[in-house]
Amino acid sequence: MRHNMPVAFWEPILDATSSWFYQKVLSGTPEERTILMHCVLESASCIFHTQAQSMFPETNHFSLHSELDQEHSKEGFEVLRKYPVHDVEHLREILWEGWRMAEYLTGSMARYAKGKSHR
C-alpha cells in the first residue's frame, strides 16, 4: 500500500514499549515466552489484522495474516499443555502485563497513525 516507500519514523515511547517485549522474551522462561508470543502478540496481531481487513478489503495481506495469527495463537496453548505448570498465578501476571503493554503499544500506534502524537 506504501508502494515500498521507506518510512523514516522513530518514537521513543513506541520503541521502549516494543523493547519491553523483546527483553521479556529474551530473559523469560519457556512458559513466559509462550504466553507473550502466542497468547499476547499473536492474538493481538490477529485482532489487528482482522480489523484492518475490514478497512482494506482489497489487500490480501490482512486476511492472510488474520488467519495465520489465529493459528499461531492456538499453538501457544498446545505448547503450554506440554509444560508442567507450577505457578499459574505468575503466568497470569505475565499475561496481564503483556496485554497491558500490547494495548499501550497499539493504542500509541493508532494515535500516531492518526497524527495525534503524545507531544
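Residues numbered from 1 in each chain as written. Predicted model: local features only at pLDDT ≥ 70, side-chain atom pairs only at ≥ 80, totals over all residues. Heavy atoms only, no water.

Named according to an unreviewed UniProt entry, the protein chain is Iron-containing redox enzyme family protein originating from Caedimonas varicaedens.

Q: Got a minute to help me understand the overall build of the protein chain in this structure?
A: Summing up its helical and strand segments, the protein chain has four helices and zero strands in all. Buried residues in the protein chain amount to 29% of all 119 residues. Across the protein chain, every contact between residues at least 6 apart in sequence was considered, and the portion connecting residues at least 24 apart equals 69%. With the model as given, the accessible surface of the protein chain reaches about 8500 Å², and the carbon-plus-sulfur share is 59%. (Helix = DSSP H or I, 4+ residues; strand = E, 2+ residues; numbered from the N terminus. Buried < 20%, exposed > 50% of the residue type's maximum accessible area, 1.4 Å probe, protein only. Contact = heavy atoms within 4.5 Å. Areas by Shrake-Rupley, 256 points an atom, 1.4 Å probe, with all protein chains shown as cover.)

Q: Explanation requested: the side chain of T34 in the structure shown.
A: With respect to the element layout, T34 can be found in helix α2 (residues 30-55). For T34, a relative accessible area of 7% puts it in the buried group. Leaving out residues up to four positions away in the same chain, T34 has contacts with C39, G76, V79, L80 and Y83.

Q: What should I look at first to understand the environment of I94 in this one?
A: With respect to the secondary-structure elements, I94 resides in helix α4 (residues 88-113). Taking the C-alpha atoms as reference points, I94 and G28, 66 residues apart in sequence, are found 9.9 Å from one another. In this structure, I94 is in contact with E32, I35 and L36, ignoring residues within four places of it in sequence.

Q: Can you help me understand the nonpolar core in this one?
A: The tendency in soluble globular proteins is for nonpolar side chains to be buried as a group. W20, F21, I35, L36, C39, V40, L80, L91, I94 and A102 together form the largest nonpolar core, which totals ten residues. When residues of this core are traced back to their parent elements, those giving at least two are α1 (12-27), α2 and α4. Tallying contributions element by element places α2 first for this core, with four residues. When neighbours within four sequence positions are excluded, W20 is seen to be in contact with L36, E97, G98 and M101. (Core = buried A, V, L, I, M, F, W, Y, C linked by side-chain atoms within 4.5 Å.)

Q: For this particular structure, what's the right way to read the environment of L36?
A: Relative to the assigned elements, L36 resides in helix α2. Under the relative-accessibility criterion, L36 is labelled buried at 1%. Along the primary structure L36 and A102 are separated by 66 residues, whereas in three dimensions their C-alpha atoms are 9.7 Å apart. If sequence neighbours within four positions are ignored, L36 has contacts with W20, F21, K24, V25, L41, I94 and G98.

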